[in-house]
Amino acid sequence: MRLTKIQLTNFKRFSDYGAEFSPGINVVKGPLNEMGKSTLLEGIIVALFHNPRSMAKEIRDYAAWGSTRQFRTSLEFEHEGNRYLVEKDFDKGTARLSGGHAREELDTFKQVSERMAELLGTKSDRLFLCSCCIRQSQVTEVSSGKKEIGESLEEVVTGGKESTLASQVLQKLDGKIADMKRGLDKLAKNPGILADLKNRVQDVSRKYSEVQDEVSRVEAHKVELVEVDGQLAEVKNEYEKCRALLEKNKQRKEIEASVERLNKDYSSVEELRGSINRHQEDFKKADEALGLIEGFTDKQQVLEFRGRLDDLRRKRSDIGKDLAERERELAEAKGKLDRRKSVTFLGSEKGIAGAAAVLAGGIIGTLVGPLYLLSLVVVGAALLAISMRARTALIRDRVGISGVEERIQRMKEFLDELGRDEQELLTEARCQTSAEFNDREKSFYHWLQKKEEARYRLEGILSGKATEDIEKRRSEIIRKLAVEEARLTEDLVETRLSPEEYVELERKVQGLEAKRNELEDRKRYGMAIIKAAKHDVEEQTGLEEELESLREALRHEEKKVRVYELAREFISRARVGTLSSADESLQGEIQRYFAIFTNGKYQRVEVNKEALEFRVYSDEKGDWVRPEDLSGGVVDEFYLAFRLALAGLIFGDKKPPLILDDPFVNFDSVRLANTLSFLKTLASDYQIIIFTLSDSYDEVADNIILLSEGDKQQRMGDKQEWNLI
Amino acid sequence: VDRSHPKVGHVSEDEERLIRSRFVTLMNEQIENSAGEEREITENALQYGIALLDGKEVL
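Undergrad: Mind showing me how you'd approach the pairing of strand β9 (residues 605-608) of chain A here?
TA: Consecutive side chains along a regular strand alternate between the two faces of the sheet. Residue and element names in this part refer to chain A. Burial along β9 is one-sided: V605 and V607 are buried, while E606 and N608, pointing the other way, are not. Sheet topology note: the β9/strand β10 (residues 613-618) ladder contains 4 bridges and is antiparallel. Bridge pairing links N608 to E613 in β10.

Undergrad: How do you make sense of the packing of aromatic side chains when you look at a structure like this?
TA: Between two aromatic rings, the relevant description is the distance of the centres plus the angle of the planes. All names here are of chain A. A complete count under the given rule lists 26 aromatic pairs over all chains for this structure. When the centroid spacing of 5.2 Å and the interplanar angle of 90° are considered together, the rings of F638 and Y639 count as edge-to-face. Summarising the aromatic geometry, the rings of Y639 and F642 are spaced 6.4 Å apart at their centres and angled 85° between planes, so their arrangement reads as edge-to-face. With Y639 and F642 both in helix α17 (residues 632-651), this residue pair falls 3 residues apart, about one helical turn. Grouping residues by exposure puts Y639 and F642 together as buried. Taken together, the aromatic side chains of F594, Y602, F614, F638, Y639 and F642 make up a single cluster linked through ring pairs. Here the guanidinium or amino end of K253 rests over the ring plane of Y502, the centre of that ring lying 4.2 Å away. The ring of Y617 has R604 lying over it, and the distance from NZ or CZ to the ring centre is 4.6 Å.

Undergrad: What should I look at first to understand the packing of helix α8 (residues 299-339) of chain A against helix α11 (residues 372-428) of chain A in this one?
TA: When two helices pack together, their arrangement is captured by the angle between the axes and the distance separating the axes. Residues and elements named next belong to chain A. Relative to each other, α8 and α11 sit at 160°, their axes nearing to 9 Å. Taken together, the axis directions place α8 and α11 in an arrangement best described as roughly antiparallel. In this structure, the crossing between α8 and α11 has a hand that is left-handed. Across the contact of α8 with α11, the residue classes tally to 17 nonpolar, 2 polar and 17 charged.

Undergrad: I'm lost on helix α3 (residues 109-120) of chain A in this one. Help?
TA: All names here are of chain A. Taking 1.5 Å of rise per residue, 12 residues should cover 16 Å, and α3 covers 15 Å from first to last C-alpha, within 8% of that figure. V112, S113, R115, M116, A117, L119 and L120 are the residues of α3 that are buried. Within two residues after α3, G121 carries a phi angle of roughly 105°, on the positive side.

Undergrad: Please explain the packing of helix α1 (residues 19-32) of chain B against helix α2 (residues 36-53) of chain B as it appears in this structure.
TA: All names here are of chain B. One can describe the packing of α1 onto α2 by two numbers: an axis separation of 9 Å at closest approach and a directional angle of 175°. Judged on the interaxial angle alone, α2 and α1 are roughly antiparallel. Contacts from R20, F23, V24, M27, N28, Q30, I31 and E32 in α1 reach R39, T42, E43, A45, L46, G49, I50 and L53 in α2. A per-class count over the contact of α1 with α2 returns 8 nonpolar, 4 polar and 4 charged.

Undergrad: Before we go on, may I ask you to explain unusual backbone geometry in this structure?
TA: Among all residues save glycine, negative phi is the norm, and among peptide bonds the norm is trans. Residues and elements named next belong to chain A. Even without glycine at this site, N599 takes up a positive phi of about 55°. Here N599 is to be found in the loop between α16 (537-597) and β9. Phi is positive for K655, close to 45°, though the residue is something other than glycine. When you line up the elements, K655 lands in the loop between α17 and β12 (658-661).

Undergrad: Explanation requested: the sheet that holds strand β5 (residues 82-89) of chain A in the structure shown.
TA: As a general point, the strands of a sheet are linked pairwise by backbone hydrogen bonds and lie either parallel or antiparallel. All names here are of chain A. What the 6 strands build is an open sheet, ordered β2-β1-β4-β5-β6-β7; its pairing is antiparallel. Two strands bound the open sheet, and with one partner strand each, they are β2 (14-20) and β7 (104-106). Ignoring strand direction, the axes of neighbouring strands in this sheet form an average angle of 10°. Examined bridge by bridge, strand β4 (residues 72-79) and β5 share 8 bridges and lie antiparallel to one another.

Undergrad: Help me understand the state of the cysteines, please; the structure alone is not making it clear to me.
TA: One covalent bond between the sulfur atoms of two cysteine residues makes up a disulfide. Inspection of the entire model under this criterion finds 0 disulfides over all chains. C132(A) carries a free sulfur, and the closest cysteine sulfur to it, the one in C133(A), is 8.5 Å from it.

Undergrad: Quick question: what am I supposed to make of the pattern of salt bridges here?
TA: A side chain with one charge may pair with a side chain of the opposite charge, provided their charged atoms come close. Residues and elements named next belong to chain A. In this structure the tally under the stated criterion is 73 salt bridges over all chains. Of the charged contacts in the structure, one is a salt bridge between R568 and D174, with a shortest N-O distance of 2.3 Å. Taken as a pair, R568 in helix α16 and D174 in helix α6 (residues 166-181) lie far apart in primary sequence, 394 residues in all. Residue classification places R568 among the partly exposed positions, given a relative accessible area of 25%. Residue D174 is classed as partly exposed on the basis of its relative accessible area, which comes to 32%. Salt-bridge contacts for R407 lead to D322; the nearest nitrogen and oxygen are separated by 3.4 Å. On the criterion of sequence distance, the pair formed by R407 in helix α11 and D322 in helix α8 is long-range, its members being 85 residues apart. You can call R407 partly exposed: its relative accessible area is 34%. Taking the relative accessible area as the measure of exposure, D322 reaches 22% and is therefore partly exposed.

Undergrad: Mind showing me how you'd approach the nonpolar core here?
TA: Taken as a class, soluble globular proteins show a tendency for nonpolar side chains to be buried jointly. In this structure, L48(A), I590(A) and I688(A) are the most contacted members of the largest nonpolar core, which totals 90 residues. Ranked by the residues each element gives to this core, the list is headed by α17(A), at 14 residues. Among the nonpolar cores identified, the runner-up in size contains 40 residues, and A166(A), V563(A), Y564(A) and I31(B) belong to it.

What counts, and where the lines are drawn
- Residues numbered from 1 in each chain as written.
- Chains lettered and ligands numbered in written order.
- Predicted model: local features only at pLDDT ≥ 70, side-chain atom pairs only at ≥ 80, totals over all residues.
- Heavy atoms only, no water.
- Buried < 20%, exposed > 50% of the residue type's maximum accessible area, 1.4 Å probe, protein only.
- Helix = DSSP H or I, 4+ residues; strand = E, 2+ residues; numbered from the N terminus.
- Pairing = 2+ DSSP bridges.
- Phe/Tyr/Trp six-rings, centres within 6.5 Å; stacked < 30°, edge-to-face > 60°.
- Lys NZ or Arg CZ within 6 Å of the ring centre and 35° of its normal.
- Axes fitted to C-alpha atoms, helices over the stretch in contact; angles between N-to-C directions.
- Parallel < 35°, antiparallel > 145°, perpendicular 65-115°, else oblique.
- Left-handed = near helix turned anticlockwise from the far one by under 90°.
- Nonpolar A, V, L, I, M, F, W, Y, C, P; charged D, E, K, R; others polar.
- Expected span 1.5 Å × (residues − 1).
- Contact = heavy atoms within 4.5 Å.
- Disulfide = S-S within 2.5 Å.
- Salt bridge = Lys/Arg side-chain N within 4 Å of Asp/Glu carboxyl O.
- Core = buried A, V, L, I, M, F, W, Y, C linked by side-chain atoms within 4.5 Å.

What follows is the structure, encoded as structure tokens:
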């Protein structure tokens with residue numbers, strides 16, 4: 001393909017600009033920056049590749065500054081001797097291609113794009129920019145077109161005979177495999193079929209495991225229940241037997257204890273009865289003895305007798321004592337009187353008469369006789385006075401004695417009276433003597449005491465009960481004894497256990513009871529488990545089938561993935577194997593160009609096309625190095641070689657124009673000369689368009705297009721120089 | 001397995017330059033060296049691969 005003319009309208013700085021290109025090397029020069037070199041280059045790319053209906057900002061931004069309308073491009077070119085015109089109106093969104101030997105007319109962008117791809121060798125601007133368009137600032141920038149480069153090389157190698165590019169198949173398979181495996185390694189919002197099936201298998205497995213565990217547990221409990229039921233029946237049977245035997249022995253023991261107790265009660269009652277009888281006899285005996293004591297009817301009477309008798313005796317005693325005192329007093333008074341004879345004499349009538357005689361003789365003598373006879377009067381008076389006094393005392397004594405004697409007499413009489421009263425009392429008591437009374441009284445009280453003792457004892461024994469009650473009690477005991485003895489059957493007697501056996505049996509019953517309780521607990525627990533079970537065997541079977549179905553589906557999908565992965569692996573191997581020839585070709589071409597550009601310094605290059613990685617053998621370093629590790633100029637030289645090799649390999653005989661945007665600024669003069677010489681040779685096959693500020697390429701230029709400040713208003717051909725060499 | 005895929009025997013191996021042909025050759029070698037389920041998978045991989053390289057939508 002060779003460009004012949006371009007017309008840009010309303011395109012950035014160009015309101016209406018045109019340029020014509022010649023075969024060979026075209027040099028687009030602008031002495032200064034911002035004269036439109038880059039704009040013209042961009043215009044060529046837009047005219048070749050871009051969709052006029054694109055609303056992409058980077059496309060829309062190509063419209064002239066301040067313009068309300070979008071731009072238009074018109075590009076003329078030749079291909080295999082035929083002329084073509086491709087026009088694009090980005091304002092109207094139209095594209096049109098006309099020309100060729102068949103005078104074809106295409107007016108949709110799709111048609112235009114397809115045809116341009118056939119003519120140019122690609123419809124990817126990215127591939128074109130990575131190979132045919134070499135811009136100084138982006139000379140090493142090839143990674144952005146890695147995918148397109150790979151596909152193009154594949155097409156190159158396969159000659160475009162494949163129905164579908166293997167790389168696209170690999171992409172599809174990668175996509176499909178990734179889609180199916182999504183969520184396997186890490187959580188995904190929308191997991192793929194494998195993760196989904198695995199999750200479902202896990203879920204169902206978990207559920208199945210739960211159900212299986214429960215069903216197993218329930219089944220185990222059911223089996224255990226049967227065993228427990230059997231054991232429980234045996235234990236219950238044995239327990240009932242032992243329990244019955246124990247009960248019999250308990251009953252027997254109770255009966256025997258009851259009989260023993262009743263016998264004891266009976267003995268007590270009998271003893272009581274004996275005591276009662278004895279006391280009753282004592283009572284009776286005492287009562288009879290009391291009855292035999294004549295004159296003594298009751299205690300009150302006896303007490304009254306005794307009181308009266310004692311009263312009489314006390315009185316008699318008192319009187320007797322008083323009588324004795326009085327008699328002693330009388331005796332003393334008499335004795336005293338006897339002992340005072342002078343007083344008795346003086347007081348006697350003779351004494352008084354003698355005293356009176358003396359007194360009278362004294363008086364008379366005094367009167368008649370001498371005076372000394374007065375003394376006789378005094379003696380007579382004194383004697384009289386003494387006699388009178390003695391007489392008084394004598395009378396008093398005699399009265400006193402007389403009184404005592406009278407009293408004694410009365411006392412004696414009273415004593416006699418008391419004696420009679422006592423006698424009467426004794427008579428009333430039908431006793432002859434007091435001694436008899438005393439004996440009877442003593443006997444009376446003896447028997448009375450006996451009787452009272454017997455009564456008290458009876459009362460004590462009976463404790464308020466009547467002897468009839470005792471008899472009733474006795475009868476009751478006898479009846480109960482009969483009943484209890486009747487209860488003591490032969491069976492109870494025959495099953496009698498020794499105390500040791502009884503204790504042993506009790507222990508056995510306790511053990512059996514504990515065992516029975518334990519078994520019943522186990523049974524209840526098992527039944528509760530079975531009753532509480534949420535899942536059954538049917539559900540387990542359903543889940544088993546579901547799980548098997550899911551596992552089968554998972555196996556199927558895993559197999560499918562293995563099929564896809566195997567297909568992918570072998571397609572990849574086939575592709576790599578097939579493309580290895582492309583690698584070799586690419587490697588050879590790069591080596592050839594790189595050796596030219598470096599003046600033969602670097603001869604060996606290694607290419608990893610898949611990764612677009614390169615290594616250059618450095619003789620200086622004696623090792624393989626990455627191009628980026630070389631100097632700036634060498635890097636530019638390497639990637640220029642790579643791009644040219646790539647363009648040759650990818651586009652083959654399409655031979656699109658090579659657009660070089662000043663990529664030689666880092667070349668030294670020798671290498672630049674070699675390069676330009678090579679480009680001059682290359683220009684016989686390729687149209688080369690070099691954009692530059694420099695005049696360095698004028699010598700090799702077949703056409704020079706000068707850009708100036710005024711070019712934005714210039715019409716095509718206004719300052720076009722044709723320097724055909 | 002998509003039965004519309006060409007059978008192994010129908011694959012032409014005369015175009016060694018094509019990735020498709022190389023793929024068929026490699027797969028046939030693999031099939032020969034495999035057995036059982038692996039062989040079945042390999043045969044399926046061959047059929048899928050051919051269908052995909054022929055531009056058929058079989059995924």
